[in-house]
Amino acid sequence: MKTLQAVRGMNDILPADSPLWLHFERTVADLLASYGYQQIRLPIVEPTELFKRSIGEVTDIVEKEMYTFADRNGDSLTLRPEGTAGCVRAMLEHGLLGAGASHKVWYNGPMFRHERPQKGRYRQFHQIGVETFNLTGPDIDAELIVLTWRLWKKLGLAEAVKLELNSLGSSEDRARYREALVAYLQARFDQLDEDSQRRLSSNPLRVLDSKNPQTQALLVDAPQLGDYLNDQAQAHFDRLRALLDAAGVPYVVNPRLVRGLDYYGLTVFEWVTDRLGAQGTVCAGGRYDGLVEQLGGKPAPAVGFAMGIERLLLLIETLELVPAELSRQVDLYLVSLGEAAEVAAIQLAEQLRDALPSVRLVVHCGGGSFKSQFKKADKSGALYALILGEDEASRQQVGLKPLRDHGEQENLAWQDLPERLRQLL
Ligand code: ATP
Ligand code: MG
């Protein structure tokens, strides 16, 4: 029979890889808690309509990347391609945005997009996203950026990532700019790549983030969005920049940064790296003050971002920044020989877990000779073996043998073991 395989572009995260995932997720969760953000957990499947109405019909995601299917009632459902839409839906559905109540929330989980799989680009990938609601000022935009900066520093990535920043202005600003951009590009239509020609009528701002070098060259002299900002939008952007300067976060203004989703306005930003080849954006976000209303709520300003976990872990691995302590997952490996010792082993192990709750103790299962058990103890990476023979078991004694050097075995009474381990581990 042909063996079955995972769906293309959807990856298993194997036991050897999960310590880094856990380390990363815990680091982010602790950081967000330290800023007072609360976790929200959302469904992976949403009504297709939600994404059409929020992300925009003429975006790559909605046009060609969604996993959409009819459920057994005939309702059209979609595996979420991103987290913002579902988060806004939940906030609205549960009435959390009423009376101007502000919220700072985050989520973590798989997202699905039917893209061409390659390094750093998958069909199931994972994002940690952060969203804030009913906060209008540039102070919250700055906080979101400052907390990501702190995260990069914590992970050792600060040197490897760069912040790109732009303002998209108001929707009126963008409408006026759009006209100027279209006029400019229309006059040079023949020099545009095929995708950009198509987008010029459907979604002209998207031409700005074309990856085609000839199109990029053409854009050098194009009108710039920054010249079309109204006074309020300009003041918001200036204030954000002043706050980032005060917090010591380096950035560059990229006048061509737009973002692939339609719901953004004012602040947009991306953290990019040049160490991962083409898939260089590790975190991206911006302000989306219009989305809540667009999804049927009373207007509520919002700003957020999402980071791609796979790309960040790739970056950590590429830069050889995986913390050394992650390579060892076991402290102690308990071996025992004979039926009485097996009973003693389970008792001793549970006593130890009471006394030292954070100790990582593997109790050997499946019997076998001491020799074969020691082989497994060694392979587990444990620092010490605990040894229980019939004799030790009957006298409530235990052997403690270092596995990483040729140190001598000690023999201790059970009640003295926790204290000795506290000294050693
Ligand atoms: P890109 O330009 O790389 O396609 P995007 O603008 O589509 O990114 P967002 O929707 O802003 O991405 O998602 C935020 C982050 O999620 C990205 O910066 C990236 O780190 C990650 N991401 C997006 N799509 C994928 C994917 N297919 N595989 C892995 N990570 C992804
Ligand atoms: Mg994309």
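Let us look at the structure shown here. As the structure is a prediction and not an experimental result, all values here were calculated from the model. (Residues numbered from 1 in each chain as written. Chains lettered and ligands numbered in written order. Predicted model: local features only at pLDDT ≥ 70, side-chain atom pairs only at ≥ 80, totals over all residues. Heavy atoms only, no water.)

### A few points about the packing of aromatic side chains
Per the stated rule, a full pass over the model turns up eight aromatic pairs. Geometrically, the ring pair formed by W149 and W271 is stacked, given 5.9 Å between the ring centres and 5° between the ring planes. With W149 in helix α5 (residues 138-155) and W271 in strand β9 (residues 265-272), this residue pair connects regions lying 122 residues apart in the sequence. Residue classification places W271 among the buried residues on the basis of a relative accessible area of 0%. Consider the rings of F370 and F374, whose centres lie 6.2 Å apart with planes at 50°: the pair is tilted. (Phe/Tyr/Trp six-rings, centres within 6.5 Å; stacked < 30°, edge-to-face > 60°. Helix = DSSP H or I, 4+ residues; strand = E, 2+ residues; numbered from the N terminus. Buried < 20%, exposed > 50% of the residue type's maximum accessible area, 1.4 Å probe, protein only.)

### Concerning helix α1 (residues 18-34)
Taking 1.5 Å per residue as the helical rise, α1 with its 17 residues ought to reach 24 Å, and the 24 Å between its terminal C-alpha atoms agrees with that figure. Its buried side turned inward, α1 meets β5 (103-112), β6 (124-133), α5, β11 (302-308) and α11 (309-318). Two residues or fewer past α1, G36 is found with a positive phi of approximately 80°. (Expected span 1.5 Å × (residues − 1). Contact = heavy atoms within 4.5 Å.)

### A closer look at unusual backbone geometry
The phi dihedral of A99 is positive, around 50°, even though this residue is not glycine. If you trace the backbone, A99 turns up in the loop between α4 (84-93) and β5. Unusually for a residue other than glycine, Q396 sits at a positive phi of about 50°. Its location among the elements puts Q396 in the loop between α14 (390-394) and β15 (397-402). For Q396, a relative accessible area of 41% corresponds to the partly exposed category.

### Observations regarding the environment of E115
For E115, the position within the fold is in the loop between β5 and β6. Look at E115 and you get buried, because its relative accessible area is 14%. As a C-alpha pair, E115 and S167 span 52 residues in sequence and 28 Å in three-dimensional space. Every residue in contact with E115, bar those within four places of it in the chain, is listed here: E65, R121 and R123.

### Re the sheet that holds strand β3 (residues 67-70)
Across a sheet, strands are paired by hydrogen bonds formed along the backbone, either parallel or antiparallel in direction. What the three strands build is an open sheet, ordered β2-β4-β3; its pairing is antiparallel. The open sheet has two free edges, formed respectively by β2 (45-47) and β3, since each of these has just one partner strand. Taking each pair of neighbouring strands and ignoring which way they run, the sheet shows an average axis angle of 35°. Two strands pair when backbone bridges link them, and β2 and strand β4 (residues 76-79) are joined in this way by three bridges, in the antiparallel orientation. Residue pairing in the sheet places E46 in a bridge with T78 of β4. Across the face of the sheet, helix α2 (residues 48-55) comes into contact with β2, β3 and β4 while running at roughly 75° to β2. (Pairing = 2+ DSSP bridges. Axes fitted to C-alpha atoms, helices over the stretch in contact; angles between N-to-C directions.)

### Description of the pattern of salt bridges
A side chain with one charge may pair with a side chain of the opposite charge, provided their charged atoms come close. Tallied over the full model, the rule gives 21 salt bridges. D289 is paired through a salt bridge with R287; the nearest N and O atoms lie 2.8 Å apart. Salt-bridge contacts for E350 lead to R353; the nearest nitrogen and oxygen are separated by 3.3 Å. You can see E350 and its partner R353 sitting in helix α12 (residues 339-355), three residues apart, about one turn around the helix. Residue E350 is classed as partly exposed on the basis of its relative accessible area of 44%. Owing to a relative accessible area of 31%, R353 belongs among the partly exposed residues under this scheme. (Salt bridge = Lys/Arg side-chain N within 4 Å of Asp/Glu carboxyl O.)

### Notes on the site of ligand 1
If you check the shell around ligand 1, you find 16 residues, and the closest are R113, E115, R121, R259 and T281. Take Y122: an N or O atom from its main chain is 2.9 Å from a nitrogen atom of ligand 1. At 3.0 Å, a side-chain N or O of R311 approaches an oxygen atom of ligand 1. Elements supplying a minimum of two residues to the shell around ligand 1: β6, β10 (281-287) and β11. Looking at which element gives the most residues to the shell around ligand 1, the answer is β10, with four residues. (Near = heavy atom within 4 Å. Polar contact = N/O pair within 3.5 Å; in protein donor to acceptor, adjacent residues only side chain to side chain.)

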